[in-house]
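Results of the structural survey
Residues per chain, in single letters:
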Amino acid sequence: MDGQGGSSEGQAVAAELRRRLAAAPPGRLGEAVRQIVDHAFQIVATLKPTPAELDAFVQFLTDVGYATDARRQEWVLLADVFGLSDGVLCKDRPGTTPGTLPGPFYRADAPDLPLGVNLCRNGDGQPLSVTGRVTNLSGEPLAGALVEVWHANAAGRYENQDPDNQPEHNLRGRFITDAAGAFHFTTIRPGGYSLPDDGPVGQLARKLGLSLDRPAHIHFAVTAPGYRRLVTAIFDGSDPAIGRDALFAVKPELIGTIRPEGPAFTLSVALVLDRDDTPQPTQDQRG
């Protein structure tokens, strides 16, 4: 593309690419690429970007890649800012806890911890006692479910974006529910924050006038045999940013109440899982 997407040369390239893609094996991948290509050429034909603008677009994608590492997922952030995430695209069954996006600061290597432990490893913040229960749609407790927890500190910073100021795995942990499907732990009250604008995605959002604010919340991911994995978050209903979440994740069912109790705070959480109705492979399909 030479910046004149509507030119006869641009149209010829688009037509030849479509012809080549028509030979792709049938399936969703080929269909997705064909639709992306059609829309891309349509945008080029409409906007007629200059070579400098095309170079800037490629540089933006390059910068997103450079900004991504083991501690920071800038590609996930890009998808989240524009609402392209599992939590937004998936439909929740009525009565189950709505899903949200895991966000760019999730870590799969959080430590396994006993119930009742304190997730705060440096003592900074107002103590918060969290109690929760995992059930199915019938209200039956799900014993032995894995509950992953992670959240920001009082300043709105996650441990893996703030390694110089927080201990490793601060405010993270994995728990197993008891016979009543219950779990509990102590932590500190999280703070709201703005998405980082020191990277290409945040800078783009600023230029577009998009909100980068996120109300305070605690992430939960729950896994239980026979049920769909739930990734969700419970938001602090008193946070002033509750109506302008940058990642479109706040739903009425996910707004929690953090109550004062003496010098500390309490939060009660109810997580309802949906059965996994995905057909299981037959013996022949397993090989």
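Going by the structure above, here's the rest.
Attention in this report is confined to the structure presented alongside it. (Residues numbered from 1 in each chain as written. Predicted model: local features only at pLDDT ≥ 70, side-chain atom pairs only at ≥ 80, totals over all residues. Heavy atoms only, no water.)

1. Some details on the overall build of the chain
From N to C terminus, the chain includes 7 helices and 11 strands. Along the first, second and third principal axes, the C-alpha atoms of the chain reach 70 × 50 × 30 Å. Within the chain, contacts between residues separated by at least 24 positions form 73% of all contacts whose residues are at least 6 apart in sequence. Distance between charge centres in the chain, computed from 27 positive and 35 negative side chains, equals 3 Å. (Helix = DSSP H or I, 4+ residues; strand = E, 2+ residues; numbered from the N terminus. Contact = heavy atoms within 4.5 Å. Lys, Arg positive; Asp, Glu negative; His and termini not counted. Charge placed at Lys NZ, Arg CZ, Asp CG, Glu CD.)

2. Looking at the nonpolar core
With 29 residues, the main nonpolar core has Val134 and Phe220 as its most contacted residues. Contributions of two or more residues to this core are made by strand 1 (127-136), strand 2 (146-151), strand 4 (182-188), strand 7 (217-223), strand 8 (230-236) and strand 11 (264-273). Top contributing element to this core by residue count: strand 11, with 5 residues. Discounting chain neighbours no more than four positions away, the residues touching Val134 are Glu140, Pro141, Leu142, Ala145, Val147, Thr177, Gly181, Phe183, Val222, Leu271 and Leu273. Membership of the second largest hydrophobic core comes to 19 residues, among which are Val64, Val81, Leu101 and Ala246. (Core = buried A, V, L, I, M, F, W, Y, C linked by side-chain atoms within 4.5 Å. Buried < 20%, exposed > 50% of the residue type's maximum accessible area, 1.4 Å probe, protein only.)

3. Brief notes about the sheet that holds strand 9 (residues 255-256)
Strand order in the open sheet made by the 5 strands is 3-2-7-8-9, with mixed pairing throughout. The sheet is open, and its two borders are formed by strand 3 (172-176) and strand 9, each paired with just one other strand. Pairing of strand 8 with strand 9 involves 2 bridges; the strand directions are parallel. Each residue of the ladder has a partner; that of Phe235, found in strand 9, is Ile255. (Pairing = 2+ DSSP bridges.)

4. Considering the pattern of salt bridges
For the coordinates displayed, the defined rule picks out 20 salt bridges. Of the charged contacts, one joins Arg107 and Glu168 as a salt bridge, the two residues approaching to 2.9 Å between their closest N and O atoms. Taken together, the positions of Arg107 in the loop between helix 5 (86-89) and strand 1 and Glu168 in the loop between strand 2 and strand 3 put the pair 61 residues apart, joining distant regions of the chain. For Arg107, a relative accessible area of 13% corresponds to the buried category. Taken together, the shared-partner salt bridges in this structure form one network comprising Arg107, Asp109, Glu159, Glu168 and Arg172. (Salt bridge = Lys/Arg side-chain N within 4 Å of Asp/Glu carboxyl O.)

5. Notes on the side chain of Arg214
Assignment of secondary structure puts Arg214 in strand 6 (residues 213-214). For Arg214, a relative accessible area of 2% gives the class buried. At 2.7 Å, the side chain of Arg214 forms a polar contact with the side chain of Asp245. In this structure Arg214 touches Leu101, Gly192, Tyr193, Leu195, His219, Phe235, Ala241, Asp245, Leu247 and Ala249, once residues within four positions along its chain are discounted. (Polar contact = N/O pair within 3.5 Å; in protein donor to acceptor, adjacent residues only side chain to side chain.)

6. Observations concerning the environment of Pro127
Tracing the backbone through its elements, the reader meets Pro127 in strand 1. For Pro127, a relative accessible area of 38% gives the class partly exposed. Pro127 sits 137 residues away from Ala264 along the chain, and the two C-alpha atoms are 5.0 Å apart. Filtering out sequence-adjacent residues up to four positions away, Pro127 remains in contact with Thr187, Ile188, Pro263, Ala264 and Phe265.

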